[in-house]
Amino acid sequence: MSFTKTAFIHSEEIERYHYPDMCPFKTERAGMTKSLLKSMGLFGGGNSFEAAPVAITEKEANQFHTKRYLNILKRISTTGDMKSDDFFYGLGTEETPVFYDLFPYSMLAAGATVTGARLLLEGAAGRVFNPSGGYHHALPEKAGGFCYINDIALGCKTLAKAGKRVLCLDLDAHHGNGTQHAFYKNSDVFTISIHESGKSLYPWGGFEDEIGEGRGAGYNVNIPIPPGTDDDAYLFIFETLVPPLIEFYDPDVIVCEIGMDILAGDPLTHLNMTNNVFAEILPDIMQLNKPMLVTGGGGYIPRKTARGWALVWTILNDMESAIEEPLGMGGVFLGSNEWQGGLRDMRVYSRGTKHSRIHTEIAETIRKIESTVFKMHKI
């Protein structure tokens, strides 16, 4: 396995596709990430390379999604013809709008994640980043949360089918309900999701007592965090719970969804964090020397999202220390009123009673998980 090679999954073809203008989900974020990296001289060369995604086939999509559902997506995508029953499949809402090319885009975006999984299996790369991935809400026969085809589930299935023990770490602000569904009764893929509590955010689930069933009992871990959670609180709960779980499971490969909707000010979420949390978490994961498939996810301030994913790419390539010092406080101007040092955000903190409430809730979440999942696995 070549841990020195990193692959960025992207192509001009995937940049052709867009959600409707009024939709807050912007596929353009992936291209913005690449453009920012190129403008800083951080794209290409060295041990990194760009790989074009290959769209999944319908047979491959059938590993998770039903033929009936795929046929509905195809019909809507090519004709725009909506039938009354389509609403039962989650289609035609504000969060899952119907638009031309919906189907080919979804199959190509999912293919980008599966392409990344294959690069890992072939040994062509040790770390892969697909900023066009992270559609973790899609269920076998239902769209949701801007997601139509679940690339995370399909990428994990590709790796597991090859005999790999897969750990799926979902760091998006929203609970990965579709991915949870895919592996809820399966121990071949260990799913961990850290997300804003379902008490305050879509998809209104992902609570501590959802721990899997049958063979999957104890292999699905939900770590809900309260609104207002800042970097320090997030890192505390991560460091307390996640490393022991990874050590217990000892995966062959790690799939990691990174949603920039955790960032303070995101219009669809209620957290108070910065991209610094990923800059601290990723190196610790990389030290495990496991192949890594990293995808994008949520993030509804496109420029902040692109900057965060550019930071992720530099970390995956061990480049961050080389760029932060020369940039100093001059920073990167992104065509807005934001001017930060390097690619990192300025930190923000929760104070006073809000800080106390957050840490009290986090302590209770830790207690619940330690008394259930940790106890089951004798961690």
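Residues numbered from 1 in each chain as written. Predicted model: local features only at pLDDT ≥ 70, side-chain atom pairs only at ≥ 80, totals over all residues. Heavy atoms only, no water.

A short note on the state of the cysteines
- Summed over the entire model, instances satisfying the criterion amount to zero disulfides.
- Cysteine Cys 168 shares no disulfide, and the gap to the nearest cysteine sulfur, in Cys 156, comes to 4.1 Å.
- Residue Cys 256 stays outside any disulfide, its sulfur separated by 8.2 Å from that of Cys 168, the closest cysteine.
- Taking the relative accessible area as the measure of exposure, Cys 256 reaches 1% and is therefore buried. (Disulfide = S-S within 2.5 Å. Buried < 20%, exposed > 50% of the residue type's maximum accessible area, 1.4 Å probe, protein only.)

Side note on the packing of aromatic side chains
- Counted by the stated rule, this structure contains 19 aromatic pairs.
- The interplanar angle of 35° and the centroid separation of 4.8 Å between the aromatic rings of Tyr 19 and Phe 25 together place this pair among those described as tilted. Each member of the pair Tyr 19 and Phe 25 is classed as buried.
- Grouped by ring-pair contacts, the aromatic residues Tyr 17, Tyr 19, Phe 25, Phe 99, Tyr 105, Tyr 135, Phe 146, Tyr 148 and Tyr 300 constitute a single cluster. (Phe/Tyr/Trp six-rings, centres within 6.5 Å; stacked < 30°, edge-to-face > 60°.)

What to know about the pattern of salt bridges
- According to the stated counting rule, one finds 13 salt bridges in the structure shown.
- Put simply, Glu 50 and Lys 34 hold a salt bridge, and the shortest N to O gap is 3.0 Å. Separated by 16 residues along the polypeptide, Glu 50 in strand 2 (residues 48–51) and Lys 34 in helix 1 (residues 28–39) bring together distant segments of the chain.
- A residue is classified by how much of its surface remains accessible, and Lys 34, at 16% relative accessible area, is buried. (Salt bridge = Lys/Arg side-chain N within 4 Å of Asp/Glu carboxyl O. Helix = DSSP H or I, 4+ residues; strand = E, 2+ residues; numbered from the N terminus.)

Re the sheet that holds strand 7 (residues 253–257)
- Pairing in this open sheet of eight strands is parallel, and the strands run 2-1-3-8-7-4-5-6 from one edge to the other. Two strands lie at the open edges of the sheet, namely strand 2 and strand 6 (220–225), each paired on one side alone. In this sheet, adjacent strand axes meet at a mean angle of 15° when their direction is disregarded. (Pairing = 2+ DSSP bridges. Axes fitted to C-alpha atoms, helices over the stretch in contact; angles between N-to-C directions.)

Some thoughts on helix 9 (residues 302–316)
- Counted at 1.5 Å a residue, the expected span for helix 9 with its 15 residues is 21 Å, and the 21 Å between its end C-alpha atoms agrees.
- Where burial is concerned, most of helix 9 is hidden: 13 out of the 15 residues are buried.
- Note on helix 9: the residue one or two positions beyond its end, Asp 318, has a positive phi of about 55°. (Expected span 1.5 Å × (residues − 1).)

Section: the nonpolar core
- If you look at the biggest cluster of nonpolar residues, it comprises 59 residues, and the most contacted ones within it are Leu 169, Leu 171, Ile 192, Ile 223, Ile 258 and Val 312.
- Take this core: its biggest share by element is 10 residues, from helix 7 (residues 231–249).
- Counting residues in each nonpolar core, the second largest holds 54 residues, with Ile 76, Ala 125, Val 128 and Ile 149 among its members. (Core = buried A, V, L, I, M, F, W, Y, C linked by side-chain atoms within 4.5 Å.)

Some details on the pairing of strand 5 (residues 189–196)
- The buried fraction of strand 5 amounts to eight of the eight residues, a majority that puts the element mostly inside the structure.
- In this fold, the crossover linking strand 4 (residues 166–170) to strand 5 by way of helix 6 (residues 177–183) has right-handed handedness.
- Pairing of strand 5 with strand 6 involves six bridges; the strand directions are parallel. The residue of strand 6 that forms the bridge with His 195 is Pro 224. (Right-handed = clockwise from strand over helix to strand, strands pointing away.)

As for the side chain of Asn 130
- By the element assignment, Asn 130 lies in strand 3 (residues 127–130).
- A residue is classified by how much of its surface remains accessible, and Asn 130, at 0% relative accessible area, is buried.
- Look past the residues within four positions of Asn 130 in its chain and what remains in contact with it is Ile 9, Ala 109, Ala 112, Thr 113, Val 294, Thr 295 and Gly 296. (Contact = heavy atoms within 4.5 Å.)

Regarding the environment of Ile 258
- Residue placement: Ile 258 occurs in the loop between strand 7 and helix 8 (276–286).
- When residues no more than four places from it in sequence are discounted, the contact partners of Ile 258 are Phe 278, Leu 282, Val 294, Thr 295, Gly 296, Gly 297, Trp 309 and Val 312.

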